[in-house]
Amino acid sequence: MNNYKLLISYDGTRYYGWEHQPDKEWTIQGKIETVLARMLDMPQGEVPKVIAAGRTDAGVHAKEMTANVILDTDMEPEAVQAYLNEYLPEDISINEVRIASPRFHARYNALGKTYCYSLYYGDSKPVFDRKYVLFLKERPNMEKMRKAAEYMVGSHDFKSFCGNPKMKKSTVRNVDSIEIKQKGPYIRIYYHGTGFLQNMVRIMTGTLLDVAYGKKNPDDIPKIIESKERKEAGPTAPPQGLMLIKVDY
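This one's a predicted model, so the numbers in the text were calculated from it and none came from an experiment. Numbering of residues begins from 1 in every chain and follows the order in which that chain's sequence is written. For a predicted model such as this one, the threshold for reporting local features is a pLDDT of at least 70, and the threshold for listing and counting side-chain atom pairs is 80 or more; totals across whole chains, interfaces and linings nevertheless cover every residue. Values reported for side chains reflect all heavy atoms of the structure, with hydrogen atoms and water molecules removed beforehand.

**Q** What is the right way to look at the environment of D91 in this model?
**A** In this fold, D91 is placed in the loop between helix 2 (77-87) and strand 4 (92-100). Considering only alpha carbons, one finds D91 and Y10, 81 residues apart in sequence, at a separation of 5.5 Å. Only heavy atoms matter for contacts: two residues are in contact if any of them lie within 4.5 Å across the pair. If we skip the residues at most four places from it in the chain, D91 touches S9, Y10, D11, R14 and Y15. We call two N or O atoms a polar contact when they sit within 3.5 Å, provided that within protein one can donate a hydrogen and the other can accept it, with sequence-adjacent residues counted only if both atoms are side-chain atoms. Side chain to side chain, D91 and R14 meet in a polar contact 2.6 Å long. Only DSSP runs of H or I covering at least 4 residues are called helices, and only runs of E covering at least 2 are called strands; the numbering of each starts at the N terminus.

**Q** How do you make sense of the packing of aromatic side chains when you look at a structure like this?
**A** Note on aromatic contacts: the rings of Phe and Tyr and the six-membered ring of Trp form a pair at centre separations within 6.5 Å, being stacked when their planes are under 30 degrees apart, edge-to-face when over 60 apart, and tilted otherwise. The final tally for this structure, using the stated rule, is 8 aromatic pairs. Ring centres of Y15 and W26 lie 5.5 Å apart, and the angle between their planes is 55°; on these two criteria the pair is classed as tilted. Here Y15, found in the loop between strand 1 (2-10) and helix 1 (28-39), pairs with W26, found in the loop between strand 1 and helix 1; they are 11 residues apart in sequence, far enough to count as distant. Summarising the aromatic geometry, the rings of Y83 and Y87 are spaced 4.6 Å apart at their centres and angled 45° between planes, so their arrangement reads as tilted. Linking Y83 with Y87, this pair stays in helix 2, spanning 4 residues, or about one helical turn. What links up through ring pairs into an aromatic cluster is the set Y120, F135 and Y186.

**Q** Honestly, the packing of helix 3 (residues 142-152) against helix 4 (residues 200-212) in this entry has me stumped. Any pointers?
**A** Two quantities define a packed helix pair, namely the angle between the helix axes and the distance between the axes. Note on definitions: angles span 0 to 180 degrees between N-to-C directions of axes, and those axes are lines fitted to C-alpha atoms, for helices only across the stretch in contact. Where helix 3 contacts helix 4, the axes come no closer than 8 Å and their chain directions differ by 140°. With respect to helix 4, the element helix 3 is oriented oblique. Our pair here, helix 3 against helix 4, has a crossing hand that is right-handed. On the side of helix 3, the interface is formed by K144, M145, A148, A149 and M152, while helix 4 contributes M204, T207, L208, L209, V211 and A212. Classes in brief: Ala, Val, Leu, Ile, Met, Phe, Trp, Tyr, Cys and Pro nonpolar; Asp, Glu, Lys and Arg charged; the others, Gly included, polar. For the contact of helix 3 with helix 4, the class distribution of residues is 9 nonpolar, 1 polar and 1 charged. For classification, angles of less than 35 degrees are called roughly parallel, those exceeding 145 degrees roughly antiparallel, those between 65 and 115 degrees roughly perpendicular, and all remaining angles oblique. Two helices that cross are described as forming a left-handed crossing if the nearer one is turned anticlockwise from the farther one by less than a right angle, and a right-handed crossing if clockwise.

**Q** I would appreciate a short explanation of helix 3 in the present structure.
**A** For an α-helix, 3.6 residues make a turn, and residues three or four places apart therefore share a direction. Buried, partly exposed and exposed residues are distinguished by accessible area as a fraction of the type maximum, computed with a 1.4 Å probe on protein chains only: under 20%, between the cut-offs, and over 50%, respectively. Restricting attention to buried positions, one finds in helix 3 the residues M142, M145, A148, A149 and M152. Summarising the axial view, the buried residues of helix 3 lie within an arc of 125°, below the 170-degree limit, and thus occupy one face. Projecting away from the buried face of helix 3 at angles above 90 degrees are the exposed residues E143 and E150. On its buried face, helix 3 sits against strand 5 (112-120), strand 7 (154-157), strand 8 (172-183), strand 9 (186-193), helix 4 and helix 5 (221-227). Capping the start of helix 3 is the job of one residue whose side-chain oxygen sits 3.2 Å from the backbone nitrogen of E143: N141. Where helix 3 terminates, the next one or two residues include G154, which has phi positive at roughly 120°. As used here, the arc is the angular range of directions from the helix axis to the C-beta atoms.

**Q** What should I look at first to understand the nonpolar core in this one?
**A** Generally speaking, nonpolar side chains in soluble globular proteins are found buried as a group. The set of buried Ala, Val, Leu, Ile, Met, Phe, Trp, Tyr and Cys residues whose side-chain atoms join them within 4.5 Å is what this entry labels a nonpolar core. Residues I8, W18, I32 and F161 are the most contacted members of the largest nonpolar core, which totals 65 residues. Top element by residues in this core is helix 4. It accounts for 8 residues.

Here is the structure:
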């Protein structure tokens, strides 16, 4: 038995998110587990459990998702990687496989995550990036967005930015930094934190866009946080602009 650590990239466009779902064939976890079960010639209906650092939503992408899986095999990491890449769909890539310590857990050992939400504003259309950006019809006020983002940084109860109304666990999270960068028509918002709630980055992005277009003021952010009411924050930004960039260990 070996504990294998995987670094994975995927285009989440046609998937129902990372997490395996009994009634959905198209999940990232489900696809990887199915190929691994075939590789190990496991009985029908049995699959090894692939544990990811987090659960990306339907339509969200990952540049470098970290996962681990315990496999009853002595196959070399390079052989496991080659097999997975041969039989996985073209929009999922296993970029690295290595043998980790038996106690390594991709989720519990994660120290932080970096997400990037990509926006596009310009006279032309992002034809070749249309699946990976949110196209804006109006120029956003970047100065207001940056001021609002400053209020979001730090340790707060982010219940107002949680997409799960039945969340019973703590909704306190620490956001280390939010950087908003522009290069040509592309605007990218980088979020780094120890962890994020369901839909949290997308709701924060939707709220920043509300500020950018004058629907909210930057100074409203502390009140939104204090309210702990989802309705006080902005809309959930569409999934295609969001990408998990890296997981820290």
